[in-house]
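Spelled out, the chains give:
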Amino acid sequence: MLAFVVALIVFGLTQTLSVLVLFRYGMSDNQSLPPSTAANTTFNVGTLIAIAIAASHWLPFGWWWW
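What counts and what doesn't
- Residues numbered from 1 in each chain as written.
- Predicted model: local features only at pLDDT ≥ 70, side-chain atom pairs only at ≥ 80, totals over all residues.
- Heavy atoms only, no water.
- Helix = DSSP H or I, 4+ residues; strand = E, 2+ residues; numbered from the N terminus.
- Contact = heavy atoms within 4.5 Å.
- Areas by Shrake-Rupley, 256 points an atom, 1.4 Å probe, with all protein chains shown as cover.
- Patch = residues over 30% accessible without salt bridge, like charges linked within 9 Å, V, L, I, M, F, W, Y side chains within 5 Å.
- Salt bridge = Lys/Arg side-chain N within 4 Å of Asp/Glu carboxyl O.
- Buried < 20%, exposed > 50% of the residue type's maximum accessible area, 1.4 Å probe, protein only.
- Polar contact = N/O pair within 3.5 Å; in protein donor to acceptor, adjacent residues only side chain to side chain.

Here we look at the overall build of the chain
When its secondary structure is counted, the chain shows 2 helices and 0 strands. Counted over contacts in the chain with a minimum sequence separation of 6, partners at least 24 positions apart contribute 69%. Carbon and sulfur atoms form 75% of the exposed surface of the chain, whose accessible area is close to 5,200 Å².

Right, here's the structure in full:
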């Protein structure tokens, strides 16, 4: 259950960070990436991390000790 709570928090932070990246690159004149690409990359990476955290819930506890 804790893994899902942490995954939800990470996902929420990812969405917030994606919006901040979108506004940061959207307001800047000197851009290395288009705003949608930078925000999309941030969102995709954060979502994959959140999914990995949620999937870790099904790993047996202490499997690395065996």
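Looking at a nonpolar patch on the surface
Where nonpolar side chains cluster on the molecular surface, the patch consists of Met 1, Leu 2, Phe 4, Val 5, Val 6, Ile 9, Leu 13 and Trp 58 and spans about 880 Å² of accessible area. Residue position: Ile 9 is located in helix 1 (residues 2-27).

Some remarks on the side chain of Thr 14
For Thr 14, the location among the structural elements is in helix 1. What makes Thr 14 buried here is its relative accessible area of 7%. At 2.8 Å, the side chain of Thr 14 forms a polar contact with the backbone oxygen of Val 10. With residues up to four places along the chain from it excluded, the contact list for Thr 14 reads Thr 42, Phe 43, Gly 46 and Thr 47.

Topic: the side chain of Ser 18
With respect to the element layout, Ser 18 can be found in helix 1. On the basis of relative accessible area, Ser 18 is assigned to the buried category, the value being 7%. Residues in contact with Ser 18, not counting those within four places in the same chain, are Ala 39, Thr 42 and Phe 43.

A short note on the environment of Thr 41
Structurally, Thr 41 is set in helix 2 (residues 35-55). Remark: the alpha-carbon pair of Thr 41 and Ser 18, spanning 23 residues in sequence, is separated by 8.5 Å.

Topic: the environment of Phe 11
Relative to the helices and strands, Phe 11 is located in helix 1. Taking the relative accessible area as the measure of exposure, Phe 11 reaches 28% and is therefore partly exposed. Between the C-alpha atom of Phe 11 and that of Ala 50, which follows or precedes it by 39 residues, the distance is 5.7 Å. Those residues in contact with Phe 11 that lie beyond four places of it in its chain are Phe 43, Thr 47 and Ala 50.

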